[in-house]
Amino acid sequence: MIEKHIVLEDVDPAAFYGVNNVHIQMIKALYPKLRIVARGNVIRAMGDEEELAHFEETIQKLEKHCEKYNSLTEEVILGFVNGHPSNQPDENGDVILFSISGRPILPRSTNQKRMVQAFTSSDMIFAVGPAGSGKTYTAIALAVRALKNKEIKKIILSRPAVEAGEKLGFLPGDMRDKIDPYLQPLYDALQDMIPAVKLKEYMETNVIQIAPLAFMRGRTLNDAVVILDEAQNTTSQQIKMFLTRMGMNTKMIVTGDMTQIDLPSSQRSGLVEAMHILKDVKGISFIMLDKSDIVRHKLVTSIVEAYEKFDEVRKSQRDAMRSEKDALRDAAHKNDSNN
């Protein structure tokens, strides 16, 4: 009789063992000749060498399944133990990965699909579009998939800490407490894709890093997917600094919404400038999302359309006023010349 220790490295043990340990109890029942003890992320099994080899292979397959789909079922366990795993709902080639609830995360519009395709062919992507068009969520899903597939070693998510009508100094707590609200949308997306225990481990070991843009200065980022969110609020110097952090085996995704620039009116958005400067550089993809890509509540589309109409009317009024001023100035010059 021999003993084997199997360490669950890529999954949350609680999800693997099931509610009230129902999954591990079923596995024990399916291997009655083995003595199996599961504690923490370590499974100890004692018994015949041949039976142990089959058990270890099954656990490894179940772990990979659980990592990919974030769930296990009795049907899946039975299928792997008997050597006949059931078909899984990933025949759709558009699936990026599966959420912690097992829901497939996939591009839901034409431009989101273009974004997924660009991730394969380009090392740098600019994804620009209105609120709710899925640019940030899709970017994070692509990064998490690359991490799960071991194509990269870390994910780095960043945002400029620009106030949208409120001042950082009035928020309670230390610097981390003041900054976290600006980064919360990034946490929300990660929590939808990575089990809580695993996400905490990734954060503690810096496999996943979330930081304000200012903290990027001086770094060289290798073997990573690096995402800059809300890039419309960067200055020219900030976005240049960020883009030049790119190291070996690294992909960068820059997202932004040109209609929600919170910079002072006298300051030009670094995103606008960067897209103009880099438009002809090979290896960079530009994905322009629009209101047809919005996947939030249907009212969001209506709100975006209403603001677009308002901006068009305001621009027309400004142009008319400018034309009137130019006409008055020309008339004044003419009168001066005649006199």
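Residues numbered from 1 in each chain as written. Predicted model: local features only at pLDDT ≥ 70, side-chain atom pairs only at ≥ 80, totals over all residues. Heavy atoms only, no water.

## Some points on the sheet that holds strand β1 (residues 2-7)
Paired through backbone hydrogen bonds, the strands of a sheet run either parallel or antiparallel to each other. The cut-off we apply is this: Any two strands with at least two DSSP bridges between them are considered paired. A helix here means a DSSP run of H or I that spans at least four residues, while a strand means a run of E at least two residues long, and both kinds are numbered starting from the N terminus. To get an axis, a line is fitted to the C-alpha atoms, and for a helix only the part in contact is used. The angle between two axes follows their N-to-C directions and goes from 0 to 180 degrees. Only heavy atoms matter for contacts: two residues are in contact if any of them lie within 4.5 Å across the pair.
Read from one edge to the other, the open sheet built from three strands follows the order β1-β3-β2, with strand pairing classed as antiparallel. Only two strands of the sheet have a single neighbouring strand rather than two, namely β1 and β2 (35-39). Shown here is a sheet whose adjacent strand axes are inclined to one another by a mean of 15°, direction ignored. Pairing of β2 with strand β3 (residues 42-47) involves five bridges; the strand directions are antiparallel. Paired with A38 across the bridge in β3 is I43. Here helix α3 (residues 49-69) sits on the sheet in contact with β1, β2 and β3, set at roughly 5° to β1.

## Focus: helix α2 (residues 22-30)
Filter applied, for reference: Only protein chains enter the area calculation, which uses a 1.4 Å probe; residues under 20% of their type maximum are buried, those over 50% are exposed, and those in between are partly exposed. The directions from the helix axis to the C-beta atoms form the arc being described.
Those residues of α2 that fall on the buried side of the exposure criterion are H23, I24, M26 and I27. Seen from one end, α2 has its buried residues packed into an arc of 155°, which puts them on one side. Buried-residue contacts for α2 involve α1 (13-17), β2, β3, α3 and α4 (74-81).

## Digging into the pairing of strand β6 (residues 124-128)
With five of its five residues buried, β6 lies for the most part within the structure. Of the two faces of β6, the one holding M124, F126 and V128 and the one holding I125 and A127 are both buried throughout. In the sheet, β6 pairs with strand β10 (residues 250-256) via five bridges, with the strands oriented parallel. Of the residues in β10, the one forming a bridge with F126 is V254.

## Brief notes about the packing of α3 against α4
Note the following rule: Any angle that is under 35 degrees is reported as roughly parallel, and any over 145 degrees as roughly antiparallel; angles of 65 to 115 degrees are reported as roughly perpendicular and all others as oblique. The crossing is said to be left-handed when, going from far helix to near helix, the turn is anticlockwise and less than a right angle, and right-handed when the turn is clockwise. Note on residue classes: Ala, Val, Leu, Ile, Met, Phe, Trp, Tyr, Cys and Pro are nonpolar, Asp, Glu, Lys and Arg are charged, and everything else, Gly too, is polar.
Between α3 and α4, the shortest axis-to-axis distance is 9 Å and the interhelical angle comes to 140°. When the interaxial angle is binned, α3 and α4 end up oblique. In this structure, α3 crosses over α4, and the sense of that crossing is right-handed. Only V76, I77, F80 and V81 of α4 make contact with α3, whose side of the interface consists of H54, T58, K61, L62 and H65. Taken together, the residues of the contact of α3 with α4 break down into five nonpolar, three polar and one charged.

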